[in-house]
Every structure is written in structure tokens, then in C-alpha cells.
Amino acid sequence: MNSNWQAKLRERQALGNLRKLRVMPPGGDFCSNDYLGLTRNSAFQERLMNLLKGNPALLNGATGSRLISGNSDLLENIEKAIANRHQQEAALLFPSGYVANLALLSCLPQKGDYVLLDEQIHRSVHDGCRMNHAQQWKFKHNDLAHLEALLQRCNGKIWILVESLYSMDGDVAPLQAILDLAKQYQAQVIVDEAHAIGVYGVGLLAQWGLSDQVFATVVTYGKAMGSHGAAVLGRATLKEYLLNFASPLIYSTAMPLISAVTILEAYRFIEKHPKLSGQLQANIAAYQALNLGPNAQKTDSPIQPWLMADAAKLKELSNHLLREGFQVYPILPPTVAEGTSRLRITLHSDNSIEEINALGAILNHWNHE
Ligand SMILES: Cc1ncc(COP(=O)(O)O)c(C=O)c1O
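Residues numbered from 1 in each chain as written. Predicted model: local features only at pLDDT ≥ 70, side-chain atom pairs only at ≥ 80, totals over all residues. Heavy atoms only, no water.

The protein goes by Aminotransferase class I/II-fold pyridoxal phosphate-dependent enzyme in an unreviewed UniProt entry, where it is assigned to Sphingobacterium humi. Its UniProt record, at the heading Cofactor (unreviewed entry), says of the protein: "pyridoxal 5'-phosphate". The protein has a UniProt comment under Sequence similarities (unreviewed entry) that states "Belongs to the class-II pyridoxal-phosphate-dependent aminotransferase family. BioF subfamily." (UniProt positions renumbered as here; feature names shortened; annotations may be inferred.)

*Asks:* I would appreciate a short explanation of the pairing of strand 2 (residues 90-94) in the present structure.
*Replies:* A regular strand places its side chains so that they alternate between the two faces of the sheet. Counting buried positions along strand 2 gives five out of five residues, so the element sits mostly inside the fold. Judged by which residues are buried, strand 2 turns out to be covered on both faces: A90, L92 and F94 on one side and A91 and L93 on the other are all buried. (Buried < 20%, exposed > 50% of the residue type's maximum accessible area, 1.4 Å probe, protein only. Helix = DSSP H or I, 4+ residues; strand = E, 2+ residues; numbered from the N terminus.)

*Asks:* Looking at this structure, how should I read the site of the ligand?
*Replies:* Taken together, 13 residues lie around the ligand, and G97, Y98, D192, H195 and K223 are the ones closest in. Taking H122, its side chain carries an N or O atom lying 3.4 Å from an oxygen atom of the ligand. Between the ligand and the protein, one listed contact pairs an oxygen atom with a side-chain N or O atom of H195 at 2.6 Å. Contact with the protein chains removes 83% of the 380 Å² of surface that the ligand exposes when unbound. Per-element tally for the shell around the ligand: the top contributor is helix 4 (residues 97-107), with three residues. Across the shell around the ligand, the residue classes tally to two nonpolar, eight polar and three charged. (Near = heavy atom within 4 Å. Polar contact = N/O pair within 3.5 Å; in protein donor to acceptor, adjacent residues only side chain to side chain. Areas by Shrake-Rupley, 256 points an atom, 1.4 Å probe, with all protein chains shown as cover. Nonpolar A, V, L, I, M, F, W, Y, C, P; charged D, E, K, R; others polar.)

*Asks:* What am I meant to see in the packing of helix 13 (residues 311-323) against helix 14 (residues 353-366) here?
*Replies:* Two numbers describe a pair of packed helices, the interaxial angle and the distance between the axes. Two elements in contact, helix 13 and helix 14, have axes separated by 11 Å at closest approach and are oriented at 150 degrees. With respect to helix 14, the axis of helix 13 lies roughly antiparallel. Between helix 13 and helix 14 the crossing geometry is right-handed. Contacts between helix 13 and helix 14 pair K313, E316, L317, H320 and L321 from the former with L359, I362, L363 and W366 from the latter. (Axes fitted to C-alpha atoms, helices over the stretch in contact; angles between N-to-C directions. Parallel < 35°, antiparallel > 145°, perpendicular 65-115°, else oblique. Left-handed = near helix turned anticlockwise from the far one by under 90°. Contact = heavy atoms within 4.5 Å.)

*Asks:* Before we go on, may I ask you to explain the packing of helix 3 (residues 73-85) against helix 11 (residues 257-272) in this structure?
*Replies:* Remark: helix 3 packs on helix 11, axes separated minimally by 10 Å, with the N-to-C direction vectors making an angle of 30 degrees. Overall, the two elements helix 3 and helix 11 adopt an arrangement that is roughly parallel. Like other packed secondary-structure pairs, helix 3 and helix 11 cross with a definite hand, here left-handed. Side by side, helix 3 and helix 11 meet where L74, L75, I78, A81, I82 and R85 of the first sit next to L257, A260, V261, I263, L264, Y267, R268 and E271 of the second.

*Asks:* What should I look at first to understand the pattern of salt bridges in this one?
*Replies:* Within this structure, the stated rule accounts for ten salt bridges. A salt bridge links R235 to E89, with the shortest nitrogen-to-oxygen separation between them at 3.0 Å. In this pair, R235 is assigned in the loop between strand 8 (230-234) and helix 9 (236-245) and E89 in the loop between helix 3 and strand 2, connecting sequence segments 146 residues apart. You can call R235 exposed: its relative accessible area is 52%. Between R268 and E265 there is a salt bridge, and its shortest N-O distance comes to 3.2 Å. A residue pair is termed a helical-turn pair when its members lie 3 or 4 positions apart in one helix, as R268 and E265 do in helix 11 at three residues. (Salt bridge = Lys/Arg side-chain N within 4 Å of Asp/Glu carboxyl O.)

*Asks:* Before we go on, may I ask you to explain the environment of D180 in this structure?
*Replies:* By the secondary structure assignment, D180 is in helix 7 (residues 175-184). A sequence separation of 33 residues divides D180 from Q213, and the C-alpha atoms of the two residues are 9.5 Å apart.

*Asks:* Just checking my understanding: could you explain empty space enclosed by the protein for this structure?
*Replies:* Empty space among the atoms becomes apparent when a probe as large as a water molecule is rolled across them. As enumerated under the stated definition, the model contains two cavities of 30 Å³ or more in all. By volume, the largest cavity is sized at about 60 Å³. Every residue along the wall of the largest cavity is listed here: H86, Q88, E193, V202, G203, L205, A206, S211, T217, V219 and L233. For the lining of the largest cavity, the elements supplying multiple residues, two or more each, are helix 8 (204-207) and strand 7 (216-220). Here the residues of the lining of the largest cavity are counted per class, giving five nonpolar, five polar and one charged. Quantified by volume, the second largest cavity comes out at close to 50 Å³. (1 Å grid on protein atoms, 1.4 Å probe; cavity = no way out; pocket = protein on both sides within 12 Å on 5 of 7 lines; lining within 4 Å. Points joined across faces, edges and corners; volume = space filled by probe spheres on them.)

*Asks:* Would you mind going over the side chain of Q88 with me for this structure?
*Replies:* Mapped onto the secondary structure, Q88 falls in the loop between helix 3 and strand 2. In this structure the side chain of Q88 is engaged in a polar contact, spanning 3.2 Å, whose partner is the backbone oxygen of S211. Those residues in contact with Q88 that sit more than four places away from it in its chain are A83, S211, L233 and G234.

*Asks:* When you look at the sheet that holds strand 6 (residues 187-192) in this model, what are you seeing that I'm missing?
*Replies:* Consider a sheet: its strands pair through backbone hydrogen bonds, and that pairing is either parallel or antiparallel. Read from one edge to the other, the open sheet built from seven strands follows the order 2-8-7-6-5-3-4, with strand pairing classed as mixed. Strand pairing shows two members of the sheet lacking a second neighbour, strand 2 and strand 4 (135-139), which therefore form its edges. Direction aside, the axes of adjacent strands within the sheet are offset by 20 degrees on average. Bridge count between strand 7 and strand 8: four bridges; the pairing is antiparallel. Note on strand 8: the bridge partner recorded for V219 is A231. Along the sheet, helix 3 makes contact with strand 2 and strand 8, crossing strand 2 at roughly 120 degrees. (Pairing = 2+ DSSP bridges.)

As C-alpha cells, then:
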């Protein structure tokens, strides 16, 4: 019997990075991606309950692929409304951001093409790229000189793949400069805005007036939008292409209508309550003002890494914080590079200043340890 997979589990156990399911104990949320606190917002929940009243069928399954029985006027109208909000020709919904990236990257880059990815890009992008036959090269995180050096070596159609706000370091991509390079080398840019949507309006591309310069955008709804699912945004012909060639969409049951309805409601709710992102920005400023020492890699975003190379010590700190009523999660290799284990502290609209200060006091105490 080949017990290689069991040996791999034992190896992880020995290294101390065996992943396990756990239920978060109660506490202040400093680990979820629910940046605007929508999943615990009673006004938002009430809106959803009202939508369900008189239309319980929204809760049912979609019964088939989008291309067979899983489509509806409602779903198509919601996609039109999403596309309008992003000032794009078309939007195509997916059951998750992971699947959206698989769908897009499995079929878009072709044999003979070049795919240049930021080394910090999300795993779903890498996994999508494993499904295509293009040449793939990683460039150093946000490093324009390295990106240009790779661009010079390409000899075919080029795709550049980046996130706008990076999920582990909480920093943003120099999107304008990347787009300028792309123009110079006739490359197409695809931007994953999973962590930016909701935090910065409908995303950083829109905020910076760059939406019309990218080939495609991926937005996800399981983070600040407090829901689930994702959309690929772009030209109508891109949507048509995905409907014809993206296996993860074609051979899978469409998302249930309740998810799509919730997504549209999340757009409306966030538009009507700009206070939510204002509170989030105030909490980011409160965290930045803390005296935290060198372990804290302060950023301007809701994602605030607290680095501690010693994974065992990091887990000790994390358990201590959980006991003290702070929900945090240690991120270890292979999710992040060796030597960069961290608490990925996330801030939310509904964290109180008192709990941010109390978290800061504990972190400060553990500084350097
Ligand atoms: C940048 C990025 N893209 C895509 C995804 C996947 O999205 P989802 O959780 O909806 O599958 C994530 C999830 O963490 C992400 O961080």
C-alpha cells in the first residue's frame, strides 16, 4: 500500500503546521474577512428576511448548470446590475472566488501564451493556471523592475495577474504602473479584487479610475460583502467565451438564487451605509496609532500582519489571545513563505476602540518574543 499521503500528514504534524478544523471561541473578531461586519448586522439581516418573505423558492437549489436549467431572468438581471455598478459590459456569477479564478484561468491563457503572476497571488489563481498550457513565470511581489524584465523575455500573448489588495501582507498593487507597463508590452491585465470590494467602494480599480484598462476583474462576495460567491467582470465577449469554455462553470450546478439576491442586496446596503467603511477607516487609523514595535507590519488596509518567525511562539500568542477574548488566527507555512509566520490581524467596522487598544496592549507585551 502506498502510504505516502499518510507520511505527509505525519511530516506536517512533526513540523507543527498540521491544519485542523476548529470552531472559534467567542471573542472580538480580529480574524474574519467580514471587514464591514455585514454578517452580524441586524439591519442587513432584516433586509434579507424581507426579501425571502413571499418568495421562499429563493432558498432552493438551482437544479442544474447555468447552461441547462440553472439560469433565470432574475439571475441575468442581477448580473446586469452588478456589471452596471462596476461600469463593465458584463458580469458572470460564480459560486466562489476560488471557482471564478479556476474558470477564468483554466481556459483564457493558451499554449504559447505567457502568464506573469505576482508571487503573492492567491492560491486559486495558481491552481487555475495549472489547468492551462501557457508558460508561467512569477515576479517578485509588487516589483515593477522584475515584472518588466520578465515582460522583455516574453514572445507571445501576455497575461499579467495581480490582486489589488493582497490578502496576507495587506498592501496594495501599484496598479497604474502595472497597467502602464502592460500597455507598453501589449499585455492583458487581470485583477483579483477579493479583499478590496466593499472596503474601497466597489474596488480599487473603480476608485482609481482604472476599470476600463483591465481585461478582467474578479470580485468575491464572501469577504466585505458578507455573502458568498464571486463575479468575473469584463466585456460581453469574455462572458460568452467563459460560458463556452470554462469547465468549472459549465459542468457545475449554478449558485442558488438566494446567494445572488443577497449579493445584490449587499451592494445596495453598502451604498446606503457609507458609515460602515468610514468606521472601518477610523479603526484602521486607531490600530495604526498603537505603539506596537517591530513585529507589527502596519498597513493602510484592514489586513495588519503581526510577524513572528517562531511558529511555536506564534501559536502560543494566538492561544493566549483567544483565551483573552480576541479571535485571531496564526498563518503558517506553506500558506506563507518560510520564516514569515504571522497573525493575520483583520480589522472591522464594528471592532470597538477599547478592544483594539486592549489587543494592542497584549501584542506590545509580546513584542520581540
Ligand atoms: C485574493 C483572493 N482571491 C480569491 C479568493 C477565493 O475566494 P472565495 O473565498 O470566494 O473562494 C480568496 C479567498 O481568500 C482570495 O483571498
